[in-house]
Amino acid sequence: MKLSSALRRLSVWAQRHTRVKTGPPTNKGGVDAMPDSDRKLKSGRLLGRLAQAAALWKIRPAVRSLLSRAHELIDSSFRAKVLLPVTGCMAVAMAITFFVVDHRIAQQSAQEARSTLATANAVIRSSQDFRRNDLLMRFHNLPNESIWRQIFQFGEAKDLHNTLSDLMEMQRVDILFYASNRGKILDVEKNDPGIPVPEFEAAAAPVLQLALRGDERVDTVYVGGKLYDVVTVPANNQDNKQIGVLTLGSEIGGAAAQEFSKLTQSQIALMANGRVTVSTLPGLDANAQFVRAFQGAMPANDNEDPTASVKPIVLNGVHYYCIAGRFASLNPGSNLGYVLLSSREQSLSAMRATQHLLSGLGFFAILFCVAALWLFINRVTEPLRELRQGAEAVGRGDFNRRVGVRSRDECGQLAMVFNGMTENIQQSRSQLEKTVETLKTTQEQLVQSEKLSAIGKFVAGVAHELNNPLAAVVGFSEVLKKTTADAKDRQYSETIFKSALRCKRIVQSLLSFARREQSERKLVSLNGLVEMILEIVGYSLRTSNIEVATQLEPNLPLVLADTSQIQQVLLNLINNAQEAIQAGGQGGRIQITTETRAPNIRITIQDNGVGIPREHLRRIFDPFFTTKEVGKGTGLGLSLCYGYIKEHGGTITPLSQLGKGATFLIELPIAEKTETPVELAAAPELEKPNPHEGQGKRVLVIDDEKPILNLIHDDFELRGYEVEVAENGTTALNKLDQNHFDLAFCDWKMPGLNGQQVYEQVRRTNPQFCQRIIFITGDVINDEMRHFLETEKRPCLTKPFTLSELHTTVETILKAV
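Residues numbered from 1 in each chain as written. Predicted model: local features only at pLDDT ≥ 70, side-chain atom pairs only at ≥ 80, totals over all residues. Heavy atoms only, no water.

### Focus on helix H20 (residues 755-765)
Okay, so step 1: The set of residues buried in H20 consists of Gly755, Val758, Tyr759 and Val762. When H20 is viewed along its axis, its buried side chains cluster within an angular range of 100° and face the same direction.
Okay, so step 2: Elements in contact with the buried residues of H20: strand S20 (698-702), helix H19 (729-738), strand S22 (743-747), strand S23 (773-777) and helix H21 (783-792).
Okay, so step 3: Residue Asn754 occupies the N-cap position of H20, its side-chain oxygen lying 3.2 Å from the main-chain nitrogen of Gln756. (Buried < 20%, exposed > 50% of the residue type's maximum accessible area, 1.4 Å probe, protein only. Helix = DSSP H or I, 4+ residues; strand = E, 2+ residues; numbered from the N terminus. Arc of directions from axis to C-beta. Contact = heavy atoms within 4.5 Å. Polar contact = N/O pair within 3.5 Å; in protein donor to acceptor, adjacent residues only side chain to side chain.)

### Overview of the packing of aromatic side chains
Okay, so step 1: The full count for this structure, using the stated rule, is 10 aromatic pairs.
Okay, so step 2: A ring pair is formed by Phe716 and Phe745, whose centres lie 5.5 Å apart and whose planes are at 70°; its orientation type is edge-to-face. Of this pair, Phe716 sits in helix H18 (residues 706-718) while Phe745 is found in strand S22, placing the two residues 29 residues apart along the sequence.
Okay, so step 3: Using a relative accessible area of 0% as the deciding quantity, one classes Phe716 as buried.
Okay, so step 4: Among the residues examined, Phe745 registers a relative accessible area of 0% and is labelled buried.
Okay, so step 5: Each ring, one from Tyr759 and one from Phe788, has its centre 5.5 Å from the other, and the planes form 85°; the classification is edge-to-face. (Phe/Tyr/Trp six-rings, centres within 6.5 Å; stacked < 30°, edge-to-face > 60°.)

### Considerations on the sheet that holds S20
Okay, so step 1: Strand order in the open sheet formed by five strands is S21-S20-S22-S23-S24, and the pairing between neighbours is parallel. Both edges of this open sheet fall to strand S21 (722-726) and strand S24 (796-798), since each of them pairs with a single strand only. Mean inter-strand twist for the sheet, computed between neighbouring axes without regard to direction, equals 20°.
Okay, so step 2: As paired elements, S23 and S24 share three bridges and run parallel to each other. Counterpart to Phe775 in the pairing with S24 is Cys796.
Okay, so step 3: Sheet strands in contact with H18 are S20, S21, S22 and S23, and its direction is about 170° off that of S21. (Pairing = 2+ DSSP bridges. Axes fitted to C-alpha atoms, helices over the stretch in contact; angles between N-to-C directions.)

### Remarks on the pairing of strand S16 (residues 588-597)
Okay, so step 1: Here seven bridges tie strand S14 (residues 546-552) to S16, and the two strands are oriented parallel to one another. Residue pairing across strands places Gln551 opposite Thr593, the latter belonging to S16.
Okay, so step 2: Sheet topology note: the S16/strand S17 (residues 600-607) ladder contains eight bridges and is antiparallel. Residue pairing for S17: Thr594 is matched across the bridge by Ile603.
Okay, so step 3: Hairpin connection from S16 to S17: two residues lie between these consecutive antiparallel strands.

### Side note on the sheet that holds strand S11 (residues 318-326)
Okay, so step 1: Here five strands make up an open sheet; going across it, the order is S9-S8-S12-S11-S10 and the pairing antiparallel. What marks the edges here is a single partner per strand, and that holds for strand S9 (275-279) and strand S10 (311-315). Between one strand axis and the next, the sheet turns through 35° on average, direction left out of account.
Okay, so step 2: Sheet topology note: the strand S8 (residues 267-272)/strand S12 (residues 336-343) ladder contains six bridges and is antiparallel. Considered in S12, the bridge of Ala272 is made with Leu336.
Okay, so step 3: Where helix H8 (residues 254-264) meets the sheet, it contacts S8, S9 and S12, and its direction lies at approximately 135° from that of S8.

### Thoughts on the nonpolar core
Okay, so step 1: Formed by 38 residues in total, the largest nonpolar core has its most connected members in Leu526 and Phe664.
Okay, so step 2: Elements represented by at least two residues in this core include exactly helix H14 (526-543), strand S15 (559-561), helix H15 (563-584), S16, S17, helix H17 (637-647) and strand S19 (662-669).
Okay, so step 3: It is H15 that provides the largest number of residues to this core, a total of eight residues.
Okay, so step 4: With residues near it in sequence (within four places) discarded, Phe664 still touches Leu573, Ile603, Thr604, Ile605, Ile612, Ile620, Phe621, Leu638, Ile652, Thr653 and Pro654. (Core = buried A, V, L, I, M, F, W, Y, C linked by side-chain atoms within 4.5 Å.)

### Things to note about the packing of H15 against H17
Okay, so step 1: Direction vectors running N to C along H15 and H17 enclose 140°, while the axes themselves pass 9 Å from each other. Read as a crossing pair, H15 and H17 show a hand that is left-handed. Mapping the contact onto sequence places Gln565, Ile566, Gln568, Val569, Asn572, Leu573 and Asn576 in H15 and Gly637, Leu638, Cys641, Tyr644, Ile645 and Glu647 in H17.
Okay, so step 2: Its residues assigned to classes, the contact of H15 with H17 comprises seven nonpolar, five polar and one charged. (Left-handed = near helix turned anticlockwise from the far one by under 90°. Nonpolar A, V, L, I, M, F, W, Y, C, P; charged D, E, K, R; others polar.)

### Structural notes on H8
Okay, so step 1: Restricting attention to buried positions, one finds in H8 the residues Ala256, Ala257, Phe260, Ser261 and Thr264. The buried residues of H8 occupy an angular sector of 140° when the element is viewed end-on, so they sit on one face. H8 presents Ala255 and Lys262 as exposed residues on the side facing more than 90 degrees away from its buried surface.
Okay, so step 2: Downstream of H8 by one or two residues, Gln265 has phi in the positive range, about 55°.

### So, the side chain of Asp229
Okay, so step 1: For Asp229, the location among the structural elements is in strand S6 (residues 226-236).
Okay, so step 2: Those residues in contact with Asp229 that sit more than four places away from it in its chain are Gln128, Arg131, Arg132, Leu135, Asp219, Thr220, Leu248, Gly249, Ser250 and Ile252.

### Some details on the confidence of the model for the protein chain
Okay, so step 1: Mean pLDDT over the protein chain works out to 76, with 74% of the residues at or above the 70 mark.
Okay, so step 2: Counting interchain partners and residues more than four positions distant, the pLDDT-below-50 stretch residues 18-34 has seven contacts.
Okay, so step 3: Note that pLDDT drops below 50 for residues 674-684; the model gives that stretch 25 contacts with residues more than four away or on any other chain. (pLDDT = per-residue confidence, 0-100.)

### So, the pairing of S22
Okay, so step 1: For S22, a buried count of five out of five residues is recorded, marking the element as mostly surrounded by other parts of the structure.
Okay, so step 2: Because side chains alternate across S22, one face comprises the buried residues Leu743, Phe745 and Asp747, and the other comprises Ala744 and Cys746, equally buried.
Okay, so step 3: Examined bridge by bridge, S20 and S22 share four bridges and lie parallel to one another. What sits directly across from Ile702, in S22, is Cys746.
Okay, so step 4: In this sheet, S23 lies alongside S22 in parallel orientation, the contact comprising four bridges. When the bridges of S23 are listed, Asp747 appears paired with Ile776.
Okay, so step 5: The handedness of the S22 to S23 crossover, carried by H20, is right-handed. (Right-handed = clockwise from strand over helix to strand, strands pointing away.)

Below you can see the structure in the form of structure tokens.
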């Protein structure tokens with residue numbers, strides 16, 4: 001206190017002293033005195049420091065008092081003891097979590113962007129290869145077509161010039177020239193006067209020399225500030241001797257760059273010898289930056305990981321990832337390629353938004369936890385330790401743990417509530433486990449139903465597109481069989497007819513499986529089905545060096561089955577076995593066995609291929625599950641097999657070990673009834689058309705498919721009918737108003753007026769003629785259509801139909817009216 005009082009007095013004296021005026025400087029004893037200004041400055045600094053020390057000394061007791069009170073609070077408050085370290089730990093944990101999550105998000109975002117750009121680079125390479133192959137295929141036979149060969153061989157200069165001009169317009173190329181078999185350029189045609197012809201001829205010289213040696217090639221060259229794809233095709237005379245070379249050039253310009261950009265969803269710059277020829281980034285003049293990006297993002301070798309070549313770059317303040325690639329060129333000195341750019345701005349913006357979100361969530365999470373902890377600590381007392389231990393035991397799953405009730409106060413009541421809660425949780429857990437099992441089963445059924453529904457919609461959409469051409473194939477094959485006299489041609493037409501009927505059954509089988517409709521089943525021999533399938537795939541198996549061994553039990557009992565479905569099952573399993581063998585190397589063996597295992601018949605298909613991994617065995621029958629590469633498998637084959645066998649009341653069981661082949665066991669129940677087995681794929685014997693059958697009768701055919709119109713028109717004309725056709729409902733109604741017809745065929749689904757609308761118009765104007773209308777359709781007959789046909793009592797032929805079915809229906813209708 002004394003020191004404090006002294007410092008306080010010294011500070012007051014210093015402040016007063018600085019305000020005292022001093023007199024002029026004096027000189028005592030011959031020594032110059034210090035100037036007043038310097039003396040005042042030094043004195044002021046010293047006194048200021050003394051004043052600061054006095055002020056600090058004044059507040060020091062207050063600081064000590066505050067720390068002492070805080071220590072007392074922490075020492076005496078259980079809440080403070082817990083809240084302060086817990087809050088600090090939570091803040092540290094949140095900060096660490098924020099850092100780790102942010103770092104992982106940044107890494108993942110960068111990796112995804114790199115993978116996307118690497119994929120885009122692969123797309124560019126594939127697109128360029130496709131573009132070059134397309135050019136080569138387009139112009140492969142061009143100079144050897146007879147219309148051009150004569151001019152190339154004998155034409156004069158004017159004719160050659162006109163020919164090149166016509167070819168350039170027809171093929172839509174930018175430059176075209178023809179050289180003799182000695183390499184001399186005879187004529188040049190170009191659509192852009194700015195193309196430097198000598199420079200283009202020099203750039204195309206390597207590929208031209210290859211063409212002079214008979215080698216068709218495509219090259220990429222840089223001429224006049226632009227990139228071109230150059231195709232050279234040898235021209236030969238009728239004796240197949242080379243007479244010259246036709247060279248065509250197509251610019252890789254803005255349209256190609258835009259196409260590449262759309263394919264890859266990225267920006268692209270085409271590079272040539274250190275310059276940007278075309279870029280999809282508007283208004284960007286950055287040749288030097290693109291050159292550095294092209295050099296820095298170029299893979300060191302073809303075996304390098306593509307994602308490792310992706311580099312970050314900033315252009316005009318915009319962040320990108322870039323990757324570069326080269327165009328193949330025969331000129332070793334050329335440096336042609338491209339730079340792909342993928343913007344990082346969106347990912348960076350999303351990352352910043354995520355950072356802000358995490359920061360906000362972390363802050364509010366800390367506040368919430370601190371508040372919750374404060375409330376909890378207020379209620380916790382020492383007697384609740386046992387309750388805490390009981391709670392921990394329940395948390396570990398020990399629901400038999402109970403807390404002793406030692407009093408009737410709040411702690412005792414809480415203990416009783418806790419015990420009751422534990423008992424309820426134990427009961428609820430048991431019920432929940434049962435409910436979860438039920439929900440899993442229901443979910444699996446729902447997922448299976450949704451998958452089958454998707455298959456049904458897909459197949460129904462495809463059925464219409466398949467049934468129309470199949471109807472034409474079936475009908476015209478019948479017409480050929482009836483009209484041809486050559487036995488070999490009749491055999492060919494019968495083969496076409498039987499194959500088309502099989503396609504029809506396959507479509508109907510797919511619809512039956514997807515829509516769960518009851519299929520048509522007959523007594524069949526499984527040995528016959530196996531032999532038929534082996535006839536179909538025998539050539540493919542032999543050429544693949546795959547041996548097929550069969551052990552078919554003689555006098556095998558018959559089964560009641562849909563032949564097309566069982567054929568599809570066997571075909572799918574044999575094809576899968578073939579692919580498994582081919583994946584393992586050259587050659588292999590497939591063993592097919594049939595035997596009686598009462599009350600079933602077992603078919604065993606065994607191969608020595610690569611086998612099926614254990615983790616895939618339980619999923620191979622799931623729709624859309626496949627382990628094949630994209631484009632090589634749909635994942636529907638085994639799913640269809642499983643559905644077909646289950647519909648027949650049988651089972652299909654896979655057995656396999658990786659590397660030791662696979663075995664499929666199919667068991668089908670033996671038929672109880674004894675009937676004559678169905679003949680497989682037997683075409684009906686057709687009678688020769690009677691040219692007087694329809695004499696004096698007029699028929700109208702309404703269909704938007706010309707092959708169907710031609711089929712019915714030609715067949716009925718052979719039978720003496722007078723036939724008219726209409727490609728839409730409006731034309732058909734006009735013809736019905738102007739002419740009399742004895743019969744009409746009407747397609748159900750057509751552009752404009754459909755079949756039902758045409759029928760309703762006829763019913764209003766000529767109701768008697770409605771009894772002479774026969775509907776045909778390539779769609780699946782839905783409930784609405786079936787209700788209409790049943791109400792109006794109208795027949796409907798489903799495409800593809802045979803001519804026998806068609807004429808049977810016509811005979812029935814004509815007799816009825």
